[in-house]
Amino acid sequence: MRLKEALLRDWRRESFDEIDSYLLRAVGGKRPETVPAPLDAVYDRAERRRVAHLLHGDQDFDRFEGLEAARRFAAVTAAHQLAAWQEITAAFDAAGIAVAGNKGPFLGALLDRPAGRMPVTTDLDLLVAEEQVAAAVAVLESLGYIRGLNIQDHAFVRMSSRSVRELEQEQGSFGQLAPMCRLLKLPELDDMQPGIERWLPDRKIVWTSAGIRSVLSVDLHFDLGHRSASGVAYPIPAAELLRDAVTVRHRGAELRTLDADTMTWLLCYRAYLDTAVFGERRFKPFADAAELIRARGRAGAAWDTATDRYPHIAGPVARTLRFLTDECGADLAGQAGLSKHALVPAPVPDADAAPAPPAPRSAHIVVCHGWGSRERSAPWVAELRSQLAAADVTVEESAPFQDVTDPLTVGAAVAELRERAHAVRTRSPGTAVGFVGVSLGSTVALAAALADPSPDFLVAVSPVVDPVAESTGDDGGWSFLGSAVSPAFAEDLTACSPGRRLDRVGCPVLVLHGGQDNERRTHDAHLLAAGAAARDGRSARQEFPAGSHTLDNAPVGAAAAVSTWLDRLGLVALRSGNRS
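Source: prediction; values computed, not measured.

## Topic: the overall build of the protein chain
- Regarding its fold elements, the protein chain presents 19 helices and 19 strands.
- Counting only residues that meet the buried cut, the protein chain has 55% of its 580 residues in that class.
- In the protein chain, once contacts between residues fewer than 6 apart in sequence are set aside, the share between residues at least 24 apart is 74%.
- Surface exposure of the protein chain reaches about 23,900 Å², of which carbon and sulfur atoms provide 48%.

## So, the packing of aromatic side chains
- Tallying each qualifying case throughout the model produces twelve aromatic pairs.
- In textbook terms, an aromatic cluster arises when at least three aromatic residues are bridged by ring pairs, as seen for Tyr43, Phe61, Phe64 and Trp199.
- Geometry around Phe283 places Arg49 over its ring, the cationic atom sitting 5.4 Å from the centre.

## What about the sheet that holds strand E16 (residues 478-480)?
- On the basis of which strands lie adjacent, the open sheet formed by three strands has the order E15-E16-E17 and antiparallel pairing. Edge positions in the sheet fall to strand E15 (470-471) and strand E17 (483-485), since each of these pairs with one other strand and no more.
- Both E16 and E17 contribute to a ladder of three bridges, which runs antiparallel. Bridged to Trp478 within E17 is Val485.
- Its contacts with the sheet place helix H17 (residues 487-496) against E16 and E17, and it is angled at close to 55° to E16.

## Structural notes on the pairing of strand E14 (residues 457-461)
- Counting buried positions over the five residues of E14 gives five, a clear majority of the element.
- Residue alternation in E14 divides its side chains into two sets, Phe457, Val459 and Val461 and Leu458 and Ala460, and both sets are buried.
- Examined bridge by bridge, strand E13 (residues 432-438) and E14 share five bridges and lie parallel to one another. Counted as the bridge partner of Phe435 is Leu458 from E14.
- Sheet analysis places E14 next to strand E18 (residues 509-514), joined by four bridges and oriented parallel. Within the sheet, the bridge partner assigned to Val461 lies in E18 and is Leu512.

## A short note on the sheet that holds strand E12 (residues 393-398)
- An order of E12-E11-E13-E14-E18-E19 is seen for the six strands of this open sheet, with the pairing classed as parallel. Edge positions in the sheet fall to E12 and strand E19 (540-544), since each has one partner strand and no second. On average, adjacent strands in this sheet sit at an angle of 15° to one another, irrespective of strand direction.
- Across five bridges, the pairing between E18 and E19 is parallel. Paired with Val511 across the strands is Arg541, a residue of E19.
- Relative to the sheet, helix H19 (residues 555-569) contacts strand E11 (363-368), E14, E18 and E19, its axis offset from that of E18 by approximately 165°.

## Some words on unusual backbone geometry
- The amide bond that connects Asp452 to the next residue, Pro453, takes the cis arrangement and shows omega of 0°.
- Structurally, the position occupied by Pro453 is in the loop between helix H16 (440-450) and E14.
- Phi is positive for Asp112, which is not a glycine, with a value near 55°.
- Its location among the elements puts Asp112 in the loop between helix H5 (104-111) and strand E2 (123-127).
- Its relative accessible area of 57% is what places Asp112 among the exposed residues.

## Some thoughts on helix H3 (residues 39-48)
- Of all the residues in H3, the buried ones are Val42, Tyr43, Arg45, Ala46 and Glu47.
- For H3, the elements touching its buried residues are helix H2 (18-27), helix H4 (65-95) and helix H8 (193-199).
- Positive phi appears at Arg50, one or two residues downstream of H3, with a value of about 65°.

## A look at the pattern of salt bridges
- All told, the structure shown has 24 salt bridges when counted by the stated rule.
- Of the charged contacts in the structure, one is a salt bridge between Arg113 and Glu291, with a shortest N-O distance of 2.6 Å. On the criterion of sequence distance, the pair formed by Arg113 in the loop between H5 and E2 and Glu291 in helix H11 (residues 284-296) is long-range, its members being 178 residues apart.
- The shortest N-O distance in the salt bridge between Arg538 and Asp536 comes to 2.9 Å.

## Some words on the confidence of the model for the protein chain
- Mean pLDDT over the protein chain: 82, with 86% of residues reaching 70 or higher.
- In this model residues 336-358 is a low-confidence stretch, pLDDT under 50, and it forms 41 contacts with partners more than four residues away in sequence or in other chains.
- Low pLDDT, under 50, characterises residues 575-580; the predicted model gives this stretch 38 contacts beyond four residues in sequence or across chains.

## Considering the packing of H5 against helix H10 (residues 260-277)
- Here H5 crosses H10 at 125°, and the two axes come no closer than 11 Å. Compared by their axis directions, H5 and H10 come out oblique. Considering how the two elements wind past one another, H5 and H10 form a crossing that is left-handed. Within the contact between the two elements, H5 uses Phe106, Leu107 and Leu110 and H10 uses Ala260, Met263 and Leu267.
- Among the residues making up the contact of H5 with H10, the classes are represented as six nonpolar, no polar and no charged.

## Re the packing of H5 against H11
- For the pair H5 and H11, the least separation of the axes is 10 Å and the interaxial angle reads 25°. Classified by the angle their axes make, H5 and H11 are roughly parallel. Viewed along their axes, H5 and H11 form a crossing whose handedness is left-handed. Where H5 approaches H11, its residues Leu107, Leu110 and Leu111 are matched on the opposing element by Asp288, Glu291, Leu292, Ala295 and Arg296.
- Split into classes, the residues belonging to the contact of H5 with H11 amount to five nonpolar, no polar and three charged.

Reading guide: rules and limits
Residues numbered from 1 in each chain as written. Predicted model: local features only at pLDDT ≥ 70, side-chain atom pairs only at ≥ 80, totals over all residues. Heavy atoms only, no water. Helix = DSSP H or I, 4+ residues; strand = E, 2+ residues; numbered from the N terminus. Buried < 20%, exposed > 50% of the residue type's maximum accessible area, 1.4 Å probe, protein only. Contact = heavy atoms within 4.5 Å. Areas by Shrake-Rupley, 256 points an atom, 1.4 Å probe, with all protein chains shown as cover. Phe/Tyr/Trp six-rings, centres within 6.5 Å; stacked < 30°, edge-to-face > 60°. Lys NZ or Arg CZ within 6 Å of the ring centre and 35° of its normal. Pairing = 2+ DSSP bridges. Axes fitted to C-alpha atoms, helices over the stretch in contact; angles between N-to-C directions. Salt bridge = Lys/Arg side-chain N within 4 Å of Asp/Glu carboxyl O. pLDDT = per-residue confidence, 0-100. Parallel < 35°, antiparallel > 145°, perpendicular 65-115°, else oblique. Left-handed = near helix turned anticlockwise from the far one by under 90°. Nonpolar A, V, L, I, M, F, W, Y, C, P; charged D, E, K, R; others polar.

Okay, here's the thing in structure tokens:
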């Protein structure tokens, strides 16, 4: 699902209204002059979206009691967080455990935020290497922290109805240890109990006869990547981020944290995942990313390095930036240029101005693999199947060339592909049938698309337009990609090659290819994409600069490119929880 649709128009959540629109413009740094509703209603929504801090500096809100309560609460909790950090980092240093902080007061330090204008939070997000998690937990327990969420005794409050096991199994909790909690005395807020109770009703605070107590929780993150719905992990190990940690002085304390560039692309990546993948309507990650970019800029070279290392962040980061500029009105043009790897999708017309898309049809995809590949061997196909599982789309696979000593001929593979399409159309009239060809499988898919009837769509991954078998000498032997093949296979390979017949492909085509592929395959990708775009405006091409030949090292991005393209064609309808 596109980020805009997930955040603004998902029918499963409460409706998006003029107050949310007002707050999104505040996220972009251009809040409208007219407040769209009574101050308490706007503040209440801002607090629920966790962006009440964006109302600071507005003359309408500066003396508003709700904001004053948040300001005082933020200042007190921030002071306790800094004290807790100094205690924790000293203990970790003594134990030889590398640690750095992320978001919260650490982001506040990078932005040099005044204490009273910090977002209200009681969490400390700390990064540790996976192999040091057990030791880190032991250190925190020695400092009086207790692991778990369902803790309820004389000192702790029940923070959630979910168990630790449920939390750790959640899709969005990959690489995160259940919070370590501790109760703090906050006598500074005792005289504010009525105001806090009214204006911060959802905050994790405990009321006792002795005054206010606040739960301080520490989240240990050993991986900031994510796990797909199908269980495939796309890691960003904390150990790698810790190697580039920096120290920032803030309010008399030294905070070890991520540098501004890393913090920015991580915020963009997580903002997209939280909304478009995990189905949460959260404004705060977008607000943090926009504020950091405005204050510190974004360095293209640093983002290129990150995308080379973690190809799966490219699409999410680009879509977050596009959302910030198009929907939030953020002026990011004056900053350093976008990463060369940013895969910025085509603008989506406003829903009120664009005609309603056609009702989606059920769809059936046949994936044809290439030379030496087996069914169920491609990570990106597994990811695609997971993304389309809730969209009435069937994905089946064919591997005609898995046995390179006795492969099926291309002509026979073409016939098999067309037979599968005919069978689907016979039993399910009206179903959209498409081919996905990978490497030599794209030769098969293209050849099958040249005949009538054409498929409804075609995806070519690292396309092979003119495959060539080479003679091994006077003995009459032939070789293809280093494997001995029969003369009949070599002759059929040449005869079935789509070559110069590409102009006869009558359906929209999506071409995907990796930047690390060889020059011949890159040339074929550009040739096929240019011809397809000239014939059909719905055709498209997307390059993954760090991608390998079959894009197995960029499974999330490749699958997302296919599912989003099909969504735009109106052939499928991606729903909440599916990736764009």
